[in-house]
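Coordinates in review
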Amino acid sequence: AQSVTQLGSHVSVSEGALVLLRCNYSSSVPPYLFWYVQYPNQGLQLLLKYTTGATLVKGINGFEAEFKKSETSFHLTKPSAHMSDAAEYFCAVTPESNQFYFGTGTSLTVIP
Amino acid sequence: DTEVTQTPKHLVMGMTNKKSLKCEQHMGHRAMYWYKQKAKKPPELMFVYSYEKLSINESVPSRFSPECPNSSLLNLHLHALQPEDSALYLCASSQDPGTVSRQFGPGTRLTVL
């Protein structure tokens, strides 16, 4: 069975500080990995995804994530937080069966 | 057109009402999905349509009835809902059932009184 763990349901950072949102997965085979962002009262927007190839993936809005197979992780980072980054972030995993498994989400607060 | 659109944006209905949610995409995607999302929770899959045929029903109560009239449209018919059905209903699509990336619409915020 697949599972996705997002450590920290709430993360607060100061404006300009590093953003680190954690995602770990359990999978018997290397899955495809995604990060989605959800702004208040909106749908989900794809930030970035890893399918194959380079393990460091760059996404929109300055975010990037690194797939580390040995650690079964896909943490999301951004060097400098902006007020507009405040949102809910979901990590998702899909194994070969094409079932999507979402993590429980991390709410990011940016402090001015 | 590179979006998934959903109407209405907000819907308030009584428990005896019948209403429908609409989802539309013109990207030529052949798989479409309905998700239900409660506040501060991840989306939960409800239905999957593959090439206009229902392929997955995640044990959703019959008061929710999906319909896919054509490859661009996906409806969710609602009848005799309960207050606990209040949630954000998200539509998504993907190029085909084997494509892992899913594009989500903005959602319909449903309130059942």
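Above this text is the structure in question.
Below: a short report on this structure.

How each quantity is defined
- Residues numbered from 1 in each chain as written.
- Chains lettered and ligands numbered in written order.
- Predicted model: local features only at pLDDT ≥ 70, side-chain atom pairs only at ≥ 80, totals over all residues.
- Heavy atoms only, no water.
- Helix = DSSP H or I, 4+ residues; strand = E, 2+ residues; numbered from the N terminus.
- Buried < 20%, exposed > 50% of the residue type's maximum accessible area, 1.4 Å probe, protein only.
- Pairing = 2+ DSSP bridges.
- 1 Å grid on protein atoms, 1.4 Å probe; cavity = no way out; pocket = protein on both sides within 12 Å on 5 of 7 lines; lining within 4 Å.
- Points joined across faces, edges and corners; volume = space filled by probe spheres on them.
- Nonpolar A, V, L, I, M, F, W, Y, C, P; charged D, E, K, R; others polar.

1. As for the environment of Pro69 of chain B
All names here are of chain B. With respect to the helices and strands, the residue Pro69 is situated in strand 7 (residues 64-70). Of the residues examined, Pro69 reaches a relative accessible area of 42% and is grouped as partly exposed. Counting along the chain gives 16 residues from Pro69 to Lys53, while the straight-line C-alpha distance between them is 9.7 Å.

2. What to know about the pairing of strand 6 (residues 53-57) of chain B
Residue and element names in this part refer to chain B. Where strand 5 (residues 44-50) lies against strand 6, 4 bridges are found, and the strand directions are antiparallel. Note on strand 6: the bridge partner recorded for Ser50 is Lys53. What sits between strand 5 and strand 6 in their antiparallel hairpin is a turn of 2 residues, with Tyr51 showing a positive phi close to 50 degrees.

3. Brief notes about empty space enclosed by the protein
Under the defined criterion, the tally for this structure stands at 2 cavities of 30 Å³ or more. The space that makes up the largest cavity amounts to roughly 50 Å³. What lines the largest cavity is Asn41 of chain A together with Lys9, His10, Leu88, Pro106, Gly107, Thr108 and Arg109 of chain B. Here the lining of the largest cavity is composed, by residue class, of 2 nonpolar, 4 polar and 2 charged. There is about 40 Å³ of room inside the second largest cavity.

4. Considering the pairing of strand 2 (residues 10-13) of chain B
Side-chain positions along a regular strand alternate between the two faces of the sheet. Residue and element names in this part refer to chain B. Covered by surrounding structure in strand 2 are Leu11 and Met13 only, the residues His10 and Val12 on the alternate face being uncovered. With 4 bridges joining them, strand 2 and strand 11 (residues 108-112) adopt parallel strand pairing. Each bridged residue has a counterpart across the sheet, and for His10 the counterpart in strand 11 is Arg109.

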